[in-house]
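Here is how the chains run, residue by residue.
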Amino acid sequence: MINFDYSKPSSLQAAINAVKKDATAKFIAGGTNLVDLMKRGVMTPEKLIDITSLPLKAIEQSGNVIRIGALCINSEVAENDLIKKQLPLLSQAFKAGASAQIRNMATVGGNMMQRTRCGYFYDTAMPCNKREPGTGCSALRGYNRMHAIFGASDNCIAVHPSDMCVALAALDASVVVTGTKGPRKILFTDFHRLPGNSPEKDNNLQRDELITAVEVPLNPALAQHSLYTKIRDRVSYAFALVSVAAALDMKGKTIQSARLAMGGVAHKPWRLTIAENFLKGKEATVGNFEQAASLAMQDAKGHGYNNFKLSLAPNTIVHTLKTLTGA
Ligand SMILES: Cc1cc2nc3c(=O)[nH]c(=O)nc-3n(C[C@H](O)[C@H](O)[C@H](O)COP(=O)(O)OP(=O)(O)OC[C@H]3O[C@@H](n4cnc5c(N)ncnc54)[C@H](O)[C@@H]3O)c2cc1C
Ligand code: SF4
């Protein structure tokens, strides 16, 4: 473990200033990802700014929006009455993540900012463009079973590992951040990035910005028919091979509108807009679900060991929609 300084500011401004002042400083919340990365020498911050005293722990409804503070603990959000009733998809996604112990420490902001689980990223003896830009991507021709089938580049084929983020992408959420230039909102689907030529950047948060909350618009019709499916190697304590977040607004057997996103397949939560548009106005039939899944897979590309995802992903989409509608 490296040596580092530690401070625990009690105001947002003090936390932001502390990170702005020192290029080697990092926020720490639950520590469930950052501490692991520090122990392995993957990240080496010289100063940790503990943000857990900041007043960012509320879950509140205001009109038709639920605002979830960035320091809310994953297990508390999952079991919150407002979330279970109004955003069951999000509650399910939280419960599918990690283990009970980790969910009791992990925060909403930290979950968004967690790094990829690509084994080469964690192994400092191996080249990795995300850890050390310009060194190459070991996964491209290596053991890439967990890796991306959408939106990858020759520089990086890693996936974002979060479950929560897949549900939030499907639910049209926004991320609220604040920095030295003041607060701003980012659409959840624009928060994380594709790797392109700069895989070291996971998202569009600026260095001096802090995530303060997530805002989720309420849609009771979608909440009535929603489901998170996670396919993984073990039932607990394993990251998604493929996951699907689905919510349908149904009138009888007709789909008025659909929200679909996938996890475990790209560098960011992968929204399936072409499939959503196809399903609009269609009957809830297995045939239509299969066509939607096939449209969703149009640009998919395997890299060898992860080719099984090319059939696992559409099968998971169809399975989720069938389960949701009883088709
Ligand atoms: C064994 C294991 C299994 C796991 N399985 C899953 C899983 O199946 N699904 C899943 O979704 N997750 C899983 N996780 C990941 C876990 O959910 C994350 O580690 C956790 O959400 C990170 O939150 P944290 O508060 O501990 O973040 P920290 O470790 O404290 O921080 C992580 C990063 O976020 C930054 N950060 C934290 N808060 C903020 C903020 N408010 N604003 C800006 N930056 C911030 C920190 O600077 C740091 O870079 C697993 C983790 C482990 C260790
Ligand atoms: S996939 Fe990305 S994280 Fe993994 S080795 Fe390649 S560059 Fe590194």
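See above for the structure.
Overview of the structure. Treat the numbers as computed from the prediction; the structure is a model and nothing was measured. (Residues numbered from 1 in each chain as written. Chains lettered and ligands numbered in written order. Predicted model: local features only at pLDDT ≥ 70, side-chain atom pairs only at ≥ 80, totals over all residues. Heavy atoms only, no water.)

1. Quick word on the site of ligand 1
Put simply, the test is: A molecule or strand has a residue near it when one of that residue's heavy atoms lies within 4 Å. Definition of a polar contact: a pair of N or O atoms within 3.5 Å, with one able to donate and the other able to accept a hydrogen when the atoms are protein atoms, and with sequence-neighbouring residues admitted only if both atoms are side-chain atoms. Exposure was quantified through the Shrake-Rupley algorithm and a 1.4 Å probe, taking into account, for residues, occlusion by the shown protein chains and nothing else. Strands are runs of DSSP state E lasting at least 2 residues, helices are runs of H or I lasting at least 4, and numbering of each runs from the N terminus.
Neighbouring ligand 1 are 34 residues; Phe 27, Gly 31, Thr 32, Thr 107 and Asp 163 lie closest to it. Between ligand 1 and Thr 32, the relevant distance is 2.6 Å, taken from an oxygen atom to a side-chain nitrogen or oxygen of the residue. Asp 163 is positioned with one of its side-chain polar atoms (N or O) 2.7 Å from a nitrogen atom of ligand 1. Relative to its unbound accessible surface of 980 Å², ligand 1 loses 95% to contact with the protein. Of all the secondary structure elements, the ones that give two or more residues to the shell around ligand 1 are strand 2 (25-28), helix 2 (34-39), helix 7 (108-113) and strand 8 (210-217). Looking at which element gives the most residues to the shell around ligand 1, the answer is helix 7, with 4 residues.

2. Overview of the packing of aromatic side chains
This is how it is decided: Under the pairing criterion, centres of Phe, Tyr and Trp rings, with the six-membered ring standing for Trp, must be within 6.5 Å; the plane angle then separates stacked pairs below 30 degrees from edge-to-face pairs above 60, leaving the rest tilted. Only protein chains enter the accessibility calculation, which uses a 1.4 Å probe; a residue is then buried when its area is under 20% of its type maximum, exposed when over 50%, and partly exposed in between.
The tally for this structure, following the rule as stated, stands at 3 aromatic pairs. Pairing Phe 121 with Tyr 122 gives two aromatic rings, centres 5.6 Å apart and planes at 85°, and the pair type is edge-to-face. Under the relative-accessibility criterion, Tyr 122 is labelled buried at 10%. On the basis of an interplanar angle of 15° and a centroid distance of 5.2 Å, the ring pair of Phe 150 and Trp 270 is categorised as stacked. Of this pair, Phe 150 sits in the loop between helix 8 (119-122) and helix 9 (164-170) while Trp 270 sits in strand 12 (residues 270-271), and the two are 120 residues apart along the sequence.

3. Brief notes about the nonpolar core
So the rule is basically this: Among buried residues, those of type Ala, Val, Leu, Ile, Met, Phe, Trp, Tyr and Cys that are joined through side-chain atoms within 4.5 Å constitute a nonpolar core. Whether two residues touch is decided by their heavy atoms; if any such pair falls within 4.5 Å, the residues are in contact.
Counting 37 residues, the largest nonpolar core has Ile 68, Leu 90, Val 108 and Met 112 as its most contacted members. Only strand 5 (65-69), helix 3 (74-79), helix 5 (88-96), helix 7, helix 9, strand 6 (174-179), helix 10 (188-191) and strand 8 provide two or more residues apiece to this core. For this core, the element with the highest residue contribution is helix 9, accounting for 7 residues. The contact partners of Leu 90, leaving out residues within four places of it in the chain, are Ile 68, Ile 83, Met 164, Ala 167, Leu 168 and Leu 171. Of all hydrophobic cores here, the second largest spans 32 residues; its members include Leu 227, Ala 246, Met 250 and Ala 284.

4. Re the sheet that holds strand 8
Stated formally: Strand pairing requires that DSSP identify at least two bridges connecting the strands. Whenever a helix is involved, its axis is fitted only over the stretch in contact; in every case the axis is a line through C-alpha atoms, and angles between N-to-C directions fall within 0 to 180 degrees.
With antiparallel pairing, the 5 strands of this open sheet are ordered in space as 4-5-8-6-7. One side of each edge strand has no neighbouring strand; the edge strands of this open sheet are strand 4 (59-62) and strand 7 (182-187). Strand-to-strand, the axes of this sheet are offset by a mean angle of 25°, without reference to chain direction. Direction of pairing for strand 5 relative to strand 8: antiparallel, over a ladder of 5 bridges. By the bridge assignment, Ile 66 is partnered in strand 8 with Val 216.

5. Brief notes about the site of ligand 2
Put simply, the rule is: Throughout this entry, Asp, Glu, Lys and Arg are counted as charged residues, while Ala, Val, Leu, Ile, Met, Phe, Trp, Tyr, Cys and Pro are counted as nonpolar. The remaining residues, Gly among them, count as polar.
Around ligand 2, the surrounding shell holds 14 residues, and the nearest of these are Cys 118, Cys 128, Cys 137, Cys 156 and Ile 157. Looking at the shell around ligand 2 residue by residue, the class counts come to 9 nonpolar, 4 polar and 1 charged.

6. Description of the side chain of Lys 130
Structurally, the position occupied by Lys 130 is in the loop between helix 8 and helix 9. The exposure class of Lys 130 is buried, given its relative accessible area of 5%. There is a polar contact of 2.6 Å between the side chain of Lys 130 and the side chain of Asp 202. Separated by 2.8 Å, the side chains of Lys 130 and His 267 make a polar contact. Not counting chain neighbours up to four residues away, the residues in contact with Lys 130 comprise Arg 115, Thr 116, Phe 121, Cys 156, Ala 158, Pro 199, Glu 200, Asp 202 and His 267.

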